[in-house]
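# Coordinate inspection notes
Single-letter residue listing:
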Amino acid sequence: MMIKVGDTVPNTKFVRATAEGPQQVDAKEFFAGKTVALFSVPGAFTPTCSAKHLPGFVEKAEALKAKGVDEIACTAVNDAFVMGAWGKSANADSIAMLADGNGDFVEALGLTMDGTGFGMGKRGQRFAMVVKDGVVDKLFVEEPGDFKVSSADYMLEQL
């Protein structure tokens, strides 16, 4: 079943690339006590994700923070090394790049997609959400192939 507004974000683990190596991030701790704008992409370095999705959140980071967002995070079913490299290549210093390498987070959300036709295996759908103290406040899930409601611009309009 897909997560909905008012639900608590599932307590899975992410992994972040750091100077000290990969570090696990507990989802419950990450979302606790703050407002997080989280967006999910099917894959790092993929066309729409790299040309529009991540750059939009990098560009709009200050505007989102001015609307009450404490932290912006990006997740994908990729490993921490790929997410870290993607963040560096996109100058995404203002974005927490959270690897969901095994897809546990998107599976717990009920937001997986089958990318086997593209050689990508199980991935996360393209979506965005605003999480306040661990609870989903807003949820924007894209139709397959679309990039509209999960954009930084759309999120700004909804805040």
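Everything quoted here is computed from the prediction, not taken from an experiment. (Residues numbered from 1 in each chain as written. Predicted model: local features only at pLDDT ≥ 70, side-chain atom pairs only at ≥ 80, totals over all residues. Heavy atoms only, no water.)

### Overview of the nonpolar core
Put simply, the test is: For our purposes a nonpolar core is just a set of buried Ala, Val, Leu, Ile, Met, Phe, Trp, Tyr and Cys residues, chained together by side-chain atoms within 4.5 Å. Burial status follows relative accessibility: with a 1.4 Å probe on protein chains alone, a residue under 20% of its type maximum counts as buried, one over 50% as exposed, and anything between as partly exposed. Contacts: residue pairs with any heavy atoms within 4.5 Å of one another.
Ranked by internal contacts, the top residues of the largest apolar core, which has 25 residues, are Phe 39, Ile 72 and Ile 95. Once you skip the residues sitting within four places of it in the chain, Phe 39 turns out to touch His 53, Leu 54, Phe 57, Ile 72, Ala 73, Cys 74, Thr 75, Ile 95, Phe 127, Ala 128 and Ser 150. Among the nonpolar cores identified, the runner-up in size contains 22 residues, and Phe 30, Phe 31, Ala 73 and Phe 105 belong to it.

### Comments concerning the pattern of salt bridges
Think of it this way: side chains of opposite charge can pair up when their charged atoms draw near. The condition is simple: Just to be clear on terms, a salt bridge is a Lys or Arg side-chain nitrogen sitting within 4 Å of an Asp or Glu carboxyl oxygen. Helical segments are the DSSP runs of H or I of at least four residues, strand segments are the runs of E of at least two, and each set is numbered from the N terminus.
Counted according to the given criterion, the structure contains eight salt bridges. Lys 13 is paired through a salt bridge with Asp 26; the nearest N and O atoms lie 3.0 Å apart. Separated by 13 residues along the polypeptide, Lys 13 in strand E1 (residues 13-18) and Asp 26 in strand E2 (residues 21-26) bring together distant segments of the chain. Residue classification places Lys 13 among the partly exposed positions, given a relative accessible area of 43%. Overall, Asp 26 belongs to the buried group, its relative accessible area being 13%. Residue Lys 34 pairs with Glu 71 through a salt bridge whose shortest N-O separation is 2.8 Å. With Lys 34 in the loop between helix H1 (27-31) and strand E3 (35-40) and Glu 71 in strand E4 (residues 71-76), this pair connects stretches of sequence that are 37 residues apart.

Remember that the coordinates give geometry; whether it matters functionally is a separate question.
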